[in-house]
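# Residue-level structural notes
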Amino acid sequence: MRVEQPSAAAPLVVAHGLCKRYGEQWVVDGVDLEVRQGEFFGLLGPNGAGKTTILRMLLGLTPPDGGELQVLGEPIPARAREARTRIGVVPQFDSLDPDFTVRENLVTYASYFGLRGKDLAPRIAELLALANLEGREDTPIAALSGGMKRRLTLVRALVNEPRLVVLDEPTTGLDPQARHHIWQRLRELRDTGTTLIMTTHYMEEAERLCDRLAIIDAGRVLASASPRTLIQAHIEPHVIELLDAPGRAAGEVLAARGAGVRAYRAGDLLLLYTATPGALLEELDAAGHRYLHRPANLEDVFLKLTGHELRD
Amino acid sequence: MIALPRPSFRSLAVWQRNLRVWRKMLLPSILGHFGEPLLYLLAFGYGFGRLVGDLGQLSYVAFLASGIICSSALFTASFEAMYSAFTRMANQQTWNAMLNAPLVVDDIVLGEVLWAATKGLMSAMAILLVATAMGLVADWRALWALPVVALSGFTFAACAMVVTAFARNYDFFLYYFTLILTPMLLTGGVFFPREQFPEWLQGLTYVLPLPHAVDLIRPLLTGGSLHQPWLNLAVVVGYGLAGLISATALIRRRMIC
Ligand SMILES: Nc1ncnc2c1ncn2[C@@H]1O[C@H](COP(=O)(O)OP(=O)(O)OP(=O)(O)O)[C@@H](O)[C@H]1O
Ligand SMILES: [Mg+2]
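Residues numbered from 1 in each chain as written. Chains lettered and ligands numbered in written order. Predicted model: local features only at pLDDT ≥ 70, side-chain atom pairs only at ≥ 80, totals over all residues. Heavy atoms only, no water.

### A word on the coordination of the magnesium ion (ligand 2)
The coordination sphere of the magnesium ion (ligand 2) contains the protein donors Thr52(A) (OG1) and Gln92(A) (OE1), at a distance range of 1.9 to 2.2 Å. Of this pair, Thr52(A) sits in helix H1 (residues 51-58) while Gln92(A) sits in the loop between strand E6 (87-90) and helix H3 (102-112), and the two are 40 residues apart along the sequence. (Donors = N, O, S within 2.8 Å, 3.2 Å for Na, K, Ca; no water. Helix = DSSP H or I, 4+ residues; strand = E, 2+ residues; numbered from the N terminus.)

### Structural notes on the confidence of the model for chain B
Of the residues in chain B, 100% reach a pLDDT of 70 or more, and the chain-wide mean stands at 94. Overall fold confidence for the complex sits at a pTM of 0.93, while the interface term, ipTM, reaches 0.93. (pLDDT = per-residue confidence, 0-100.)

### Overview of the domain arrangement of chain A
Taken as a whole, chain A is organised into domain 1 (13-225) and domain 2 (236-295). The gap between the C-alpha centroids of domain 1 of chain A and domain 2 of chain A is 40 Å. (Domains from an automatic or database assignment.)

### Side note on the sheet that holds strand E2 (residues 25-35) of chain A
All names here are of chain A. Strand order in this open sheet of four strands is E2-E1-E4-E5, and the pairing throughout is antiparallel. Strands at the two margins of the open sheet, each flanked by one partner only, are E2 and strand E5 (74-75). Taken together, the two bridges between strand E4 (residues 66-71) and E5 define a ladder with antiparallel strand orientation. Counterpart to Gln-70 in the pairing with E5 is Pro-75. (Pairing = 2+ DSSP bridges.)

### Regarding the site of ligand 1
Surrounding ligand 1, one finds 15 residues, the nearest of these being Gly48(A), Lys51(A), Thr52(A), Thr53(A) and His201(A). More than one chain reaches ligand 1: its neighbouring residues belong to chains A and B. With respect to ligand 1, the backbone of Gly48(A) contributes an N or O atom lying 2.8 Å from an oxygen atom. Alone, ligand 1 offers 640 Å² of accessible surface; in the complex the protein occludes 65% of this. Looking at the shell around ligand 1, the elements that each hand over two or more residues are E2 and H1 of chain A. (Near = heavy atom within 4 Å. Polar contact = N/O pair within 3.5 Å; in protein donor to acceptor, adjacent residues only side chain to side chain. Areas by Shrake-Rupley, 256 points an atom, 1.4 Å probe, with all protein chains shown as cover.)

Here it is, written out as structure tokens:
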């Protein structure tokens, strides 16, 4: 994991008190965000948390009902068009052009940025290689697998050599192999100094990729820091998951004793959080209970902050 | 007060995208442009024309050919701005992809209207070619009809785009066809002179754009004289601008929310 570096450069995204209301519901409710140059920033939250709405606001596609927003130094939504010339977008839902082949998709998307002519061909060859889609230039979109479509969508977002790449659930619905491919590309982008903002439901993904992330629920930022800082600040380092009914009963008894053990019931699981697991594990072993002992992760942070599981 | 459209040169990228798709299906597209209107021209022109005889100096086929050039531009442009544009807006996410690039709704709407007008012009040109080959066109003045056809196509497309802005599915377009386009077609002077109608109906339907397009285009093709060209132009341009302004405002509200 990378160490957080203080950056002197002005942040690429600054949001203060962003709000959005649909009908009576505030789906984004006073969000403050700051994304620095070169940072990989994550927005982690359950369905309906407001992640897509926040990204759409950054792109100037959803006018906020309150708050201030600057992206790449441009006031949004007033100068969203100018900002978008330097942004790459991977939307949540597939928007590849089904009237075109793989290559035509890239050429056409490039034309939306005013990119055409001689310089474009090598760039497109480069992007096709990056997506591992060489040899499929002339394949129609309908004939691509889900993973290929996502890869193509990712390189399509890079056609304008963006300074900021915005990704809305880039790996949802992909198999592990396809996911690893995308992760690798995202890390490479980050290593070349591109700033990235990604939404995800996946803890593991956020923990692996993001330098910093904001946990959001019901339109609010509950906490924002590096994954490690969040875990250290909010959660005891050890987690014991009790997986069956007798184990849960035993766990309740252990937790009731106090002594630095915090219990949390999540569905049919009982989670015990503690800094000193030794004695607990011995007792559970002695009684022969089934359990899983693991380090604390972001999911635990989320559970603690919101009181419900992430994937709902 | 609605904000006026502020499109940029990037509208052309939208137009070009559609041209690129059209070129991929060149043969069926062109066949479509020639096919149906040609059949109408032959069947009605000769079949029906025998019964009707001439209209003043003009043979019925020549009268009809100039009318069908207008109605073909009308229907081609309207179709494109409704069914095809709706597909790109609602089903294919084409517009959403554009909005992730530095295009704005204003560019997209103008680009789509320009494209639909282009298709209208292409269909009209196909018939013009046939009509010329059949000796139904008076003289070189007919070339002046082309910019007027393009302008009319723009107007028809812009009006259709307003309907698209409200559409939730394809069935919605039937209202526009049944309530607006078909009555306008039948009373617009395409198939027979408007003078056949009672005066009140002539007056009532003269507020629509098609009769004005016909009044401009037919004389240019058949060698007649223009009666109120400035009024005709004003109505066509007026509908075009009003359509573009409202469609842009409505689609902004629909997509930027
Ligand atoms: N155009 C809209 N009109 C009305 N409600 C909307 C609109 N867009 C979003 N919402 C509502 O706003 C809330 C937040 O939606 P949003 O898409 O931002 O969530 P999300 O965090 O991206 O969820 P997911 O993980 O499912 O993608 C949801 O309750 C959604 O139903
Ligand atoms: Mg979303």
